[in-house]
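These are the residues of each chain, in order.
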Amino acid sequence: LDGILVKKPTWMTLSCGLNDVSPACAWRVGYEDFTKNVTAVLDKSQAAGVKVIILTPSLYKDVDPENETNQKAAAYVAYLRQQAEQRNLPLVDINAAHRAEIARLKNENSPRKTLLYDGIHMAPRGNLMMAASLLKTLGLTDEQIAKARERWLEAGYRRPITVWRDMNVRQLENAEAFAAREKIAYVD
């Protein structure tokens, strides 16, 4: 952190991910150490005059939002929300946005069941959800976010489809829609 603060940034996003609680990570951090570390980062950053935006973590294996890891992460998420409120910092509640998007997909009986490609890292649609959440927190309008989303859909994306193939996000969405129409098994 000191190496970053010496450069005198104006803004910083503090994005706390699931590595702290994920069973997939060997370097898990207990709740007490997590709160101590986050508090230290926030204290130092604010003392240096940096405007901090806090992001809550996404879900782990979001096809089951109430799995054991997500339940364990709830305390970590609550702590981040509390710090944002107490310190009057902007909060990008990725956890809540992720839950809402998974519920929407389920309600719409969408063939898409996840925003993740491996149970922890975001696939393109998840990245779009995160970016839109950040832009909304920064005060952009729904219209501005929709315009940005259109540009994002043309962004390059590389994914394994039998062999690695370059495509943009719009092409990926079209391939997914085709797979759903044709009842072709699709795995993110």
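The paragraphs below set out a description of the structure included in this document. Values in this document were obtained by computation on a predicted structure and should not be read as measured data. (Residues numbered from 1 in each chain as written. Predicted model: local features only at pLDDT ≥ 70, side-chain atom pairs only at ≥ 80, totals over all residues. Heavy atoms only, no water.)

### Considering the pairing of strand β2 (residues 51-55)
Consecutive residues of a regular strand have side chains that alternate between opposite faces of the sheet.
No. 1: Where burial is concerned, most of β2 is hidden: four out of the five residues are buried.
No. 2: Bridge count for β2 against strand β3 (residues 91-92) is two bridges, and the pairing is parallel. Note that in β3 the partner of Leu55 across the bridge is Val92. (Buried < 20%, exposed > 50% of the residue type's maximum accessible area, 1.4 Å probe, protein only. Helix = DSSP H or I, 4+ residues; strand = E, 2+ residues; numbered from the N terminus. Pairing = 2+ DSSP bridges.)

### Considerations on the packing of helix α5 (residues 124-137) against helix α6 (residues 142-152)
No. 1: Interaxial distance between α5 and α6 falls to 10 Å at its minimum, and their mutual angle equals 150°. Here α6 runs roughly antiparallel to α5, going by the angle between their axes. Seen from above, α5 lies across α6 with right-handed handedness. Residues Leu128, Ala131, Ala132, Leu135 and Lys136 of α5 pack against Asp142, Ile145, Ala148, Arg149 and Trp152 of α6.
No. 2: Residue composition of the contact of α5 with α6, grouped by class: seven nonpolar, no polar and three charged. (Axes fitted to C-alpha atoms, helices over the stretch in contact; angles between N-to-C directions. Parallel < 35°, antiparallel > 145°, perpendicular 65-115°, else oblique. Left-handed = near helix turned anticlockwise from the far one by under 90°. Contact = heavy atoms within 4.5 Å. Nonpolar A, V, L, I, M, F, W, Y, C, P; charged D, E, K, R; others polar.)

### Comments concerning the sheet that holds β3
No. 1: Ordered by their spatial adjacency, three strands build an open sheet running β1-β2-β3, and the pairing between neighbours is parallel. Two strands bound the open sheet, and with one partner strand each, they are β1 (11-15) and β3.
No. 2: The pairing of β1 with β2 spans five bridges and is classified as parallel. Bridging from a neighbouring strand, Leu14 pairs with Ile54 of β2.
No. 3: Across the sheet, helix α2 (residues 31-47) touches β1 and β2, and the angle it forms with β1 is around 175°.

### Some points on the environment of Leu55
No. 1: Inspection of the secondary structure assignment puts Leu55 in strand β2.
No. 2: Residues Leu55 and Arg81 lie 26 residues apart in sequence; the distance between their C-alpha atoms is 8.8 Å.
No. 3: In this structure, Leu55 is in contact with Thr13, Leu14, Ser15, Cys16, Leu80, Val92 and Ile94, ignoring residues within four places of it in sequence.

### Overview of helix α3 (residues 68-87)
Every α-helical turn comprises 3.6 residues, leaving residues that sit three or four positions apart pointing alike.
No. 1: Across its 20 residues, α3 extends 30 Å between first and last C-alpha, which sits within 8% of the 28 Å expected from 1.5 Å per residue.
No. 2: The principal kink in α3, of about 30°, is found at Ala74.
No. 3: Those residues of α3 that are buried lie in contact with α2, β2, β3 and α4 (94-107).
No. 4: N-cap assignment for α3: the residue whose side-chain oxygen lies 3.0 Å from the backbone N of Thr69 is Asn67.
No. 5: Trailing α3 by a residue or two, Asn88 shows a phi angle of about 55°, which is positive. (Expected span 1.5 Å × (residues − 1). Bend = angle between axes of the 7 residues up to and from the residue. Polar contact = N/O pair within 3.5 Å; in protein donor to acceptor, adjacent residues only side chain to side chain.)

All we've got here are geometric facts, nothing functional implied.
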